[in-house]
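# Coordinate analysis (summary)
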Amino acid sequence: MTKKLQAIRGMNDILPSDIKVWQQVESIIKETVASYGYQEIRFPIVEDTSLFKRTIGDATDIVEKEMYTFSDKNGESLTLRPEGTAGCVRAGIEHGLLYNQKQRLWYMGPMFRHERPQKGRYRQFYQFGVENFGMENPATDAELILLGARLWQKLRISEKLELQINSLGSKECRDNYKKILIEYFSQNLDKLDSDSQRRLNTNPLRILDSKNPEMQDLIAKAPDLLEHLDDESKKHFEELTSILDQAKIKYVINPRLVRGLDYYGMTVFEWIDVTKEGAQNAVCAGGRYNSLVSQLGGQETPASGFALGLERLIELSKTNLKPKQQTILYLITTEKTVTNGMLLAEELRDKLQNYCVICDAENTSMKAKFKRADKSGADMALVFGEDEMINNEVTIKYLRDNVDQKTIKLIEITNCLV
Ligand code: ATP
Ligand code: MG
């Protein structure tokens, strides 16, 4: 027996019944980022494996466990992108978009991580992300946060999200803090799980990010990074919080927020869904990554950005949104009027550009056609039978309102409908 074909576990189909809310959220996002001057960039789904290893970092969940890596026919190691920043930076360097320029870019598309599928956590999921390059001032980080806040406002979910911020400081103070952290965790080695023991010397910051409930107490008592910031990092962070205060953006400083990727320094932030407990509650996350461009072979370029998970965002927004309905006209033809009916449908599409015209040319009973008209969500059925064709007419049947049907001349049709 042949095996029933199914989607890969953790990879979802988005069906027509769900797509309206996706499209609506996407269009609100696009219109919001456009109002800040961000421009779209599209880069491939597949990249050299080394790109992700070099940017995201070896001792991270993504690189250690979650990447879809395979060798192609030439034996090259390729990886399905697990996030967008690496590809965006690679493309930016390759095409000379970053050096000595100010860029505001956005992208949207599928990402792939081999995680344990559950609600809000998938193996193929969609991210929307923005990245800016060439701007060092913490005001740019504030702009990213204001952009997010404006988006939540448009989606009417502001009350459901809490902004958490932190500073990872400059490389120097971070390196210094890592030593302090290694010392602290080394004294508590028996309380670390195996992941954290392994990361202790390579990436101790990552331990703060652990979701293991048994380690939370130990993590809570760890030395505080904010207390080890140098003057420059402190100033950067204070300028950010000052703008947020003046813009009346509420935030919580979370000194344990380190983010799961290696490239961040200075500002990091997350928007957390407060209606949800635990693991899948981060909707949007980002920060500053001034060293990434040079790490990938470009010139020193300050940069910051964020990415949001569209599934999580849509789950949060969908009850608030009423998708805009397009008026649907359902044109019913008969066997003898199909050809003229098709031409009539074209004419209607020319004249009524905001309408959707569905032409039913199937050779079935009238009853079946009206059933389909109803199911299509159409507001009106336009019956174009033989009598109508001979007399240059069409009969309008109102499917949603209690109004009598009427037969009108074709030349009057646009006046009757608009
Ligand atoms: P988490 O802590 O939930 O694993 P993360 O820190 O790995 O998230 P990022 O890499 O920062 O996530 O990605 C940004 C956003 O993308 C997340 O805040 C989340 O909304 C979304 N996201 C990440 N991984 C997944 C996934 N496997 N399925 C669905 N959405 C995801
Ligand atoms: Mg993750």
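Above this text is the structure in question.
The structure reproduced in this document is the subject of the present report. (Residues numbered from 1 in each chain as written. Chains lettered and ligands numbered in written order. Predicted model: local features only at pLDDT ≥ 70, side-chain atom pairs only at ≥ 80, totals over all residues. Heavy atoms only, no water.)

### Let's talk about the overall build of the protein
Broken down by element type, the protein carries 16 helices and 16 strands. Its C-alpha atoms give the protein a radius of gyration of 28 Å, more than 25% over the compact-globule value 22 Å for 418 residues. Once the C-alpha set of the protein is aligned to its principal axes, its extents read approximately 90 × 60 × 45 Å. Out of the 418 residues belonging to the protein, those deemed buried represent 50%. When contacts within the protein are restricted to residue pairs at least 6 apart in sequence, those whose partners lie at least 24 apart make up 71%. Counting only carbon and sulfur atoms, one obtains 48% of the accessible surface of the protein, whose full area is about 21,900 Å². (Helix = DSSP H or I, 4+ residues; strand = E, 2+ residues; numbered from the N terminus. Rg over C-alpha atoms; globule rule 2.2 N^0.38 Å. Buried < 20%, exposed > 50% of the residue type's maximum accessible area, 1.4 Å probe, protein only. Contact = heavy atoms within 4.5 Å. Areas by Shrake-Rupley, 256 points an atom, 1.4 Å probe, with all protein chains shown as cover.)

### Observations regarding the environment of A307
Tracing the backbone through its elements, the reader meets A307 in strand β11 (residues 303-309). In the structure, A307 is positioned 91 residues away from Y398 in sequence and 46 Å away in space, judged by C-alpha atoms. Beyond its immediate stretch of four places on either side in the chain, A307 contacts Y107, Q127, F128, G129, V283, C284 and A285.

### Comments concerning the pairing of strand β6 (residues 124-133)
Of all 10 residues that make up β6, 9 are buried, and the element is covered over most of its length. Here strand β5 (residues 103-112) pairs with β6 via 10 bridges, running antiparallel. Bridge pairing in β6 places Y107 opposite G129. Alignment of β6 against β11, held across 7 bridges, turns out to be antiparallel. Residue pairing for β11: G129 is matched across the bridge by A307. (Pairing = 2+ DSSP bridges.)

### Focus on the side chain of Q280
Within the secondary structure layout, Q280 lies in the loop between β9 (267-273) and β10 (282-288). One polar contact links the side chain of Q280 to the main-chain carbonyl oxygen of K119, over a distance of 3.3 Å. (Polar contact = N/O pair within 3.5 Å; in protein donor to acceptor, adjacent residues only side chain to side chain.)

### What to know about the sheet that holds strand β12 (residues 328-333)
Here 5 strands make up an open sheet; going across it, the order is β13-β12-β14-β15-β16 and the pairing mixed. Each of the sheet's edge strands pairs with one partner strand only, and the pair in question is β13 (356-360) and β16 (406-409). Averaged over all pairs of adjacent strands, the angle between strand axes in this sheet comes to 25°, irrespective of strand direction. Looking at chain direction, strand β14 (residues 380-384) and strand β15 (residues 393-398) are connected through 4 bridges and run antiparallel. (Axes fitted to C-alpha atoms, helices over the stretch in contact; angles between N-to-C directions.)

### Things to note about unusual backbone geometry
You will see that R156, though not glycine, has its phi angle at about 55°, which is positive. Tracing the backbone through its elements, the reader meets R156 in the loop between α5 (138-154) and β7 (161-167).

### Topic: the pairing of β5
Consecutive side chains along a regular strand alternate between the two faces of the sheet. Counted residue by residue, β5 has 8 buried out of 10 residues, so it is predominantly covered. Both strand β1 (residues 39-40) and β5 contribute to a ladder of 2 bridges, which runs parallel. The residue of β5 that forms the bridge with E40 is W106.

### So, the sheet that holds β5
The 8 strands lie next to each other as β1-β5-β6-β11-β10-β9-β7-β8, forming an open sheet whose pairing is mixed. Edge positions in the sheet fall to β1 and β8 (252-253), since each has one partner strand and no second. Those strands touched by helix α10 (residues 231-246) are β7, β8, β9 and β10, and its axis lies near 160° from that of β7.

### Some details on a nonpolar patch on the surface
A contiguous nonpolar patch, built from I45, V46 and F70 and spanning about 210 Å² of accessible area, is present on the exposed surface. Positionally, F70 belongs in strand β3 (residues 68-71). By relative accessible area, F70 is classed as partly exposed at 37%. (Patch = residues over 30% accessible without salt bridge, like charges linked within 9 Å, V, L, I, M, F, W, Y side chains within 5 Å. Salt bridge = Lys/Arg side-chain N within 4 Å of Asp/Glu carboxyl O.)

### Examining the site of ligand 1
Every one of the 17 residues lining ligand 1 counts as a neighbour, but R113, E115, R121, K211 and R259 are closest to it. In this structure, E115 approaches ligand 1 through a side-chain N or O atom, which is 2.6 Å from a nitrogen atom. With respect to ligand 1, the side chain of Q127 contributes an N or O atom lying 3.0 Å from an oxygen atom. Burial of ligand 1 by the protein chains amounts to 91% of its free accessible area of 580 Å². Where the shell around ligand 1 is concerned, the elements lending two or more residues are β6, β10 and β11. For the shell around ligand 1, the leading source of residues is β10, giving 4 residues. A breakdown of the residues in the shell around ligand 1 according to their chemical character gives 8 nonpolar, 3 polar and 6 charged. (Near = heavy atom within 4 Å. Nonpolar A, V, L, I, M, F, W, Y, C, P; charged D, E, K, R; others polar.)

### Observations concerning the pattern of salt bridges
For the structure on display, the rule yields 25 salt bridges. Here E115 and R121 are joined by a salt bridge, their closest N and O atoms 2.9 Å apart. For the residue pair E115 and R121, the accessibility class agrees, reading buried in each case. Among the ionic pairs, D217 bridges to K221, the shortest N-O distance being 3.0 Å. Judged by its relative accessible area of 48%, D217 is partly exposed. Relative accessible area serves as the criterion here: at 58%, K221 is assigned to the exposed category. One continuous salt-bridge network, built from bridges that share partners, spans D61, E64, K65, D195, R198 and R199.

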